[in-house]
Amino acid sequence: MMKANKKETKWLALVVILSAPLLYVIDIFIINMAIPTIKTSLRATDGEIQLVVAGYLLGSACFFITGGRAGDYLGKKKVFFWGMFFFTLSSCLCGLVQTALQLNVARFFQGVSSAFMVTQSIALIQVLFPVAKERATAIGWYGITLSIAAIIGQILGGYLAETTFIVEGWRLIFFINIPIGIISLWAIQNYLDETVKERAVKFDYSGALILTVGLGCLIYSITEGREQNWPMWSIILLIGAMLILGFFVQNQKYKAAKKHDPLIAIHLFEHKEFNIGLMAVLFHFMMHTAYLLMSAVYLQNGLTISALECGIYFIPHALLFMLSSIIASKLLVKYGKKVLQVGLCVIFVSFVLQIFFFTTHTPPFIAILLIGIYGLGNGLVLPFLLNIVLDSIPDSYAGVSSGIFSTFQQTASALGISIIGGIFYASIKGNKAIEFVEAITNGLTASIACLILVALMLFMLPNSFGNRPVQMLE
């Protein structure tokens, strides 16, 4: 077990553990700032560039649950180490690619490896800090790390995309992970001890494979199908994806009935409020992830600002997100879902104002302000969606349901890039600034539709979240 008797060792180990969520979140945000540059450099299509983002999210989505179980079976330190190793290796491959296809494949495996290391970081905090007060402090630092990573990713992505040092600047956003990864690997070996292995846990290899194939076919058919005006292969692939995912559900039910350790605890979907909460997660993360991509592309191509300036535009967004999430954590217990509903209203106002004020000559102050307002509203909603999902679930299933939540969250993000991002890119025929204005308008309209559906889901849920303490996520 961990050397939890030595206070200084315990908190130093936390620093090592937090390297995983730091790298994971940075690589979500850092890529958005460099998307226009990568598209030009690799001569990628809109569909291929969507997959650069969606593939990473899809890879992590398919292996969050498997990654968590791998740590139980093989030991959390071992899985954390190898997850970090392959994340570092795949980051290196991302920086070396010569085609969009190669980048998409490398990004997918980067996402897969991130799932194994991030799940261990969460589990190791639980092992390392058994005392509730210390664990709350550690989780607080986990949340702070996610927020800091978002800011670093946006600024660093903008800066590196504009920089040329031996190689093209966008490649540096992947190479920067290499020294951090190497240091983390050394620290994992020297400052973490192995955990007890639970050999009774079995892997659902076939379930993970079926889910990966099904989601992969769904995401690829949506992104590339739209790009090529929906040829017959894309329709067939889309139908095939639905059939595969339907088979996955039946496969999980069969394994649960036979007590064969299915990948997903399918009986949790018998809880009506759990399902409604997941639908809220689906539409909110579709909107959120797509918005980050669309706004970054609009700012750089529609307003013709640099990638670095674009990153700076998002700093108030990140700071206001942190501020409102801290305030909301104090209010949620008393006011329940009303806090989230207020946040949705703020986001709605931000989107409507953006539709009216985002033109080819939007003043920097207006753009920064409206994006910041979005961050302010989102801080009241996004960090507390986990509470919505878990509220109707008994405490004994909190861990399993959290894994389902993470899988659903990342899948929703990938779908948002594919569907709402597809609506955005469908408006761009050439490279004229006015086309990017039309694209952001159409994308925001689709995002408002998702926002309304989230509001509807919240309306159907009870007002208070009383079954467990407030939990935050990024």
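Position labels on residues start from 1 in each chain and follow its written sequence. Side-chain atom pairs in this predicted model are given and counted only at pLDDT of 80 or more, local residue features only at pLDDT of at least 70, and totals for whole chains, interfaces and linings cover all residues. Hydrogens and waters are ignored; side-chain quantities use all the structure's heavy atoms.

In this description a helix means any DSSP run of H or I spanning at least four residues, a strand means any run of E spanning at least two, and both kinds are numbered starting from the N terminus. Looking only at helices and strands, the protein chain features 18 helices and zero strands. Throughout, radius of gyration means the C-alpha value; the globule benchmark is 2.2 Å times the number of residues raised to the power 0.38. Compactness check: the protein chain gives a C-alpha radius of gyration of 21 Å against a globular reference of 23 Å for 474 residues, within 12% of the reference. Along the longest, intermediate and shortest principal axes, the C-alpha atoms of the protein chain span 60 × 55 × 45 Å. To sort residues, take the accessible area from a 1.4 Å probe on protein chains only and compare it with the maximum for the residue type: under 20% means buried, over 50% means exposed, and anything in between is partly exposed. The 474 residues of the protein chain split such that 56% are buried. Contact definition: two residues touch when any of their heavy atoms are within 4.5 Å. Sequence-distant contacts in the protein chain: of pairs separated by 6 or more residues, those separated by 24 or more amount to 83%. Note that accessible areas follow from Shrake-Rupley with a 1.4 Å probe, and for residues the cover is restricted to the protein chains shown. Total accessible area on the protein chain is roughly 19500 Å²; 70% of this is exposed by carbon and sulfur atoms. Neither His nor the chain ends contribute to the count of charged residues, in which Lys and Arg are positive and Asp and Glu negative. The atom standing in for a charge is NZ when the residue is Lys, CZ when it is Arg, CG when it is Asp and CD when it is Glu. The positive charge centre, built from 30 side chains, and the negative charge centre, built from 23, are 7 Å apart in the protein chain.

In this section: the nonpolar core. For our purposes a nonpolar core is just a set of buried Ala, Val, Leu, Ile, Met, Phe, Trp, Tyr and Cys residues, chained together by side-chain atoms within 4.5 Å. In terms of nonpolar packing, the biggest core is built from 151 residues, with Ile-35, Ile-38, Leu-299, Leu-340, Phe-351 and Phe-424 touching the most fellow members. Among the elements that line this core, the one with the most residues is helix α11 (residues 272–302), at 19 residues.

What follows concerns helix α15 (residues 364–378). One less than the number of residues in a helix, times 1.5 Å, gives the span that helix is expected to have. An ideal rise of 1.5 Å per residue puts 21 Å on 15 residues; α15 measures up with 21 Å between its terminal C-alpha atoms. Looking only at α15, the buried set comprises Ala-367, Leu-370, Ile-371, Gly-372, Tyr-374, Gly-375, Gly-377 and Asn-378. Against the buried residues of α15 lie α11, α12 (307–313), α13 (315–335) and α14 (337–357).

This brings us to the pattern of salt bridges. We count a salt bridge whenever a side-chain nitrogen from Lys or Arg sits within 4 Å of a carboxyl oxygen from Asp or Glu. Across all of its chains, the model carries three salt bridges by this definition. For Lys-39, the salt bridge is made with Asp-46, and the minimal N-O distance between the two is 2.4 Å.

On to the environment of Ile-440. As for its placement among the helices and strands, Ile-440 is situated in helix α18 (residues 433–459). Accessibility expressed as a relative area gives 1% for Ile-440, which makes it buried. Along the chain, Ile-440 and Met-322 lie 118 residues apart, while their C-alpha atoms are 25 Å from each other. With near-sequence residues (within four places) excluded, Ile-440 lies in contact with Met-294, Ser-295, Tyr-298, Phe-358 and Phe-424.

Working convention: axes come from line fits to C-alpha atoms, limited for helices to the stretch in contact. Angles between N-to-C directions cover 0 to 180 degrees. Where α11 contacts α15, the two axes come as close as 13 Å, and the packing angle between them is 165°. In this view, α11 runs roughly antiparallel relative to α15, as classed from their interaxial angle. Here the hand of the crossing between α11 and α15 comes out left-handed. Two secondary-structure elements touch here, α11 through His-284, Met-287, His-288, Tyr-291 and Leu-299 and α15 through Ala-367, Ile-371, Tyr-374 and Asn-378. A class-by-class count of the residues in the contact of α11 with α15 yields six nonpolar, three polar and no charged. Oblique is the label for any angle not under 35 degrees, not over 145, and not in the 65 to 115 range, which are roughly parallel, roughly antiparallel and roughly perpendicular in turn. A crossing counts as left-handed when the near helix is turned anticlockwise from the far one by less than a right angle, and as right-handed when that turn is clockwise. Throughout, the ten residues Ala, Val, Leu, Ile, Met, Phe, Trp, Tyr, Cys and Pro are labelled nonpolar, Asp, Glu, Lys and Arg are labelled charged, and all others, Gly among them, are labelled polar.

So, about the packing of aromatic side chains. Aromatic pairs are defined between Phe, Tyr and Trp rings, using the six-membered ring for Trp, whenever the two ring centres lie within 6.5 Å; interplanar angles under 30 degrees are classed as stacked, those over 60 as edge-to-face, and all others as tilted. Under the counting rule described, the total for this entry stands at 17 aromatic pairs. On the numbers, 5.2 Å between centres and 85° between planes, the contact of Phe-85 with Phe-86 is edge-to-face. A relative accessible area of 32% places Phe-85 in the partly exposed class. Using a relative accessible area of 43% as the deciding quantity, one classes Phe-86 as partly exposed. On the numbers, 4.9 Å between centres and 15° between planes, the contact of Tyr-298 with Phe-358 is stacked. Taken as a pair, Tyr-298 in helix α11 and Phe-358 in the loop between α14 and α15 lie far apart in primary sequence, 60 residues in all. The exposure classification of Tyr-298 matches that of Phe-358, with both residues buried. An aromatic cluster is built from Phe-81, Trp-82, Phe-85 and Phe-86, whose rings are joined through pairwise contacts.

Our next topic: helix α2 (residues 19–42). Compared with an ideal rise of 1.5 Å per residue, which puts 24 residues at 34 Å, α2 spans 30 Å between its outermost C-alpha atoms and falls more than 12% short. Extensive coverage of α2 is indicated by the burial of 19 of its 24 residues. With its phi angle positive at about 50°, Arg-43 sits one or two positions after the end of α2.

With that settled, consider the state of the cysteines. A pair of sulfur atoms, both from cysteines and within 2.5 Å, is called a disulfide here. A full pass over the atoms with the stated rule returns zero disulfides. As a non-bridged cysteine, Cys-92 has Cys-94 as the owner of its nearest cysteine sulfur, 9.3 Å distant. Look at Cys-92 and you get partly exposed, because its relative accessible area is 23%.

This part is about the side chain of Thr-212. Here Thr-212 lies in helix α9 (residues 205–227). Apart from the residues within four sequence positions on either side, Thr-212 is in contact with Cys-62, Phe-63 and Phe-108.

In this section: the side chain of Ser-324. Relative to the assigned elements, Ser-324 resides in helix α13. By the criterion applied in these results, polar contacts are pairs of N or O atoms within 3.5 Å in which, for protein atoms, one can donate a hydrogen and the other can accept it, and in which residues neighboring in sequence qualify only through two side-chain atoms. A polar atom in the side chain of Ser-324 sits 2.9 Å from the backbone oxygen of Leu-376. Setting aside residues up to four positions removed in sequence, Ser-324 forms contacts with Gly-375, Leu-376, Gly-379 and Leu-380.

This brings us to a nonpolar patch on the surface. On the surface, a nonpolar cluster with roughly 560 Å² of combined accessible area is contributed by Trp-82, Phe-85, Phe-86, Leu-89, Leu-93 and Leu-96. Here Leu-89 lies in helix α4 (residues 76–96). Patches draw on residues past 30% relative accessible area with no salt bridge. Two like charges within 9 Å are joined, as are two nonpolar side chains (Val, Leu, Ile, Met, Phe, Trp, Tyr) within 5 Å.

Attention now moves to the confidence of the model for the protein chain. Interpretation of this model should avoid reading the predicted coordinates in detail wherever pLDDT is low. Summary statistics for the protein chain give a mean pLDDT of 84 and a share of 91% for residues scoring 70 or more. One confidence number per residue, pLDDT, is output by the predictor and ranges from 0 to 100. This stretch, residues 1–5, has a pLDDT under 50; its non-local contacts, to residues over four places away or in other chains, come to 15 contacts. In this model residues 466–472 is a low-confidence stretch, pLDDT under 50, and it forms 26 contacts with partners more than four residues away in sequence or in other chains.

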